[in-house]
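What follows is the residue order along each chain.
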Amino acid sequence: MTIATTEHNSAEHHEQHPDLRVWGLLTFLVSESLMFGGLFATYLFFRSSTAVWPPEGTEVELLLPTINTIILVSSSFVIHFGDTAIKKNNVKGMQLWYTITAIMGAIFLIGQAYEYATLGYGLTTNIFANCFYLMTGFHGLHVFVGLLLILGVLWRSRRPGQYSATNHTFIEMAEIYWHFVDIIWIVLFSLVYILTLF
């Protein structure tokens, strides 16, 4: 069998089995959305059935989470610049923007850890604290996973030819996941932080 025949067979095989990794990721994110939706619904149920919410002594701070929100939401634009760069065959540009995104994600997690350390109440203090730590912690776990995906993109990009304008599926998947993390945080921030002001 010649090399040309082998390449032809490989191309036919690829056409018969299209790359469904992005669709697989989207399906996974839909299931994750349902999990977050359940947490949000539970939070709203307890909020509506409790006279004082949050209970006295378990108020949330607004300044640090707002700064964290600005950082995380801004990182969605930054990571998109990286995706745009690779579609122009600009690997160095993609590496720069993905590195900045990784730094912003790490800052978000450090800010969340600092918030936990300074709140003055824990997971089992009351039902509000339980909901607060469960939702923000679950989201923080997703930010950490997204950070690992971004670092994975950067690690693989060290190899010449790993990514290009026609081969960047993993980069797109990391970006989609990061946008998902940001959208979930906007909803969570609105429910847990903004809504407590009213």
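Note that this is a predicted model, so its numbers are computed, not measured.

Caption draft 1: The overall build of the chain, seen in detail. The number of helices and strands found in the chain is 6 helices and 0 strands. Listing every helix and strand of the chain by position from the N terminus yields α-α-α-α-α-α. Here the chain has a C-alpha radius of gyration of 21 Å; the compact-globule value for 198 residues is 16 Å, and the former is much larger. The 198 residues of the chain split such that 40% are buried. Within the chain, counting contacts between residues at least 6 apart in sequence, those at least 24 apart form 80% of the total. Element-wise, carbon and sulfur atoms account for 70% of the exposed surface of the chain, whose accessible area totals about 10900 Å². A gap of 10 Å separates the mean positions of the 8 positive and 13 negative side-chain charges of the chain.

Caption draft 2: Quick peek at the packing of helix 2 (residues 21-48) against helix 6 (residues 169-194). Interhelical geometry of helix 2 versus helix 6 gives an angle of 10° and a closest axis separation of 11 Å. Overall, the two elements helix 2 and helix 6 adopt an arrangement that is roughly parallel. Residue-level inspection shows R21, V22, L25, L26, F28, L29, E32, S33, F36, F40, Y43 and L44 of helix 2 in contact with helix 6, the latter providing T169, M173, I176, Y177, F180, I184, V187, L188, L191 and V192. Residues belonging to the contact of helix 2 with helix 6 are distributed by class as follows: 18 nonpolar, 2 polar and 2 charged.

Caption draft 3: Fine view of the packing of aromatic side chains. This model, assessed by the stated rule, comprises 20 aromatic pairs. When the centroid spacing of 6.4 Å and the interplanar angle of 50° are considered together, the rings of Y177 and F180 count as tilted. Of this pair, Y177 and F180 both sit in helix 6, 3 residues apart, which is roughly one turn of the helix. Classification of Y177 as buried rests on a relative accessible area of 4%. Given a relative accessible area of 9%, F180 falls into the buried group. Geometrically, the ring pair formed by W185 and Y193 is tilted, given 6.1 Å between the ring centres and 50° between the ring planes. Classification of W185 by relative accessible area gives buried; the value is 2%. Here the aromatic residues Y43, W53, F108, Y116, Y121, F128, F132, Y133, W185, F189 and Y193 are joined through ring pairs into a cluster of three or more. The lysine or arginine in question, R158, covers the ring of W155, its NZ or CZ lying 3.6 Å from the ring centre.

Caption draft 4: Just the pattern of salt bridges, in detail. The final tally for this structure, using the stated rule, is 2 salt bridges. A salt bridge links D83 to K87; the nearest nitrogen and oxygen atoms lie 3.0 Å apart. With relative accessibility at 3%, the residue D83 sits in the buried group. The residue E172 makes a salt bridge to K87 at a minimum N-O spacing of 3.5 Å. Taken as a pair, E172 in helix 6 and K87 in the loop between helix 3 (63-86) and helix 4 (91-118) lie far apart in primary sequence, 85 residues in all.

Caption draft 5: A look at the nonpolar core. Y43, M94, Y98, F132 and V192 are the most contacted members of the largest nonpolar core, which has 44 residues in total. Mapped by element, the contributors of at least two residues to this core are helix 2, helix 3, helix 4, helix 5 (127-156) and helix 6. In contact with V192, other than residues within four places in its own chain, are Y43, V60, F132 and M135.

Caption draft 6: Broad picture of the environment of D83. Locating D83 in the fold gives a position in helix 3. As a C-alpha pair, D83 and T99 span 16 residues in sequence and 12 Å in three-dimensional space. Those residues in contact with D83, other than ones at most four positions away along the chain, are Y98, H168, I171, E172 and E175.

Caption draft 7: A look at helix 5. In this model, helix 5 (30 residues) spans 43 Å end to end at C-alpha, consistent with the 44 Å of a helix rising 1.5 Å per residue. Between a side-chain oxygen at the N-terminus of helix 5 and the backbone nitrogen of F128 the separation is 3.1 Å; the capping residue is N126.

Criteria and cut-off values
- Residues numbered from 1 in each chain as written.
- Predicted model: local features only at pLDDT ≥ 70, side-chain atom pairs only at ≥ 80, totals over all residues.
- Heavy atoms only, no water.
- Helix = DSSP H or I, 4+ residues; strand = E, 2+ residues; numbered from the N terminus.
- Rg over C-alpha atoms; globule rule 2.2 N^0.38 Å.
- Buried < 20%, exposed > 50% of the residue type's maximum accessible area, 1.4 Å probe, protein only.
- Contact = heavy atoms within 4.5 Å.
- Areas by Shrake-Rupley, 256 points an atom, 1.4 Å probe, with all protein chains shown as cover.
- Lys, Arg positive; Asp, Glu negative; His and termini not counted.
- Charge placed at Lys NZ, Arg CZ, Asp CG, Glu CD.
- Axes fitted to C-alpha atoms, helices over the stretch in contact; angles between N-to-C directions.
- Parallel < 35°, antiparallel > 145°, perpendicular 65-115°, else oblique.
- Nonpolar A, V, L, I, M, F, W, Y, C, P; charged D, E, K, R; others polar.
- Phe/Tyr/Trp six-rings, centres within 6.5 Å; stacked < 30°, edge-to-face > 60°.
- Lys NZ or Arg CZ within 6 Å of the ring centre and 35° of its normal.
- Salt bridge = Lys/Arg side-chain N within 4 Å of Asp/Glu carboxyl O.
- Core = buried A, V, L, I, M, F, W, Y, C linked by side-chain atoms within 4.5 Å.
- Expected span 1.5 Å × (residues − 1).
- Polar contact = N/O pair within 3.5 Å; in protein donor to acceptor, adjacent residues only side chain to side chain.

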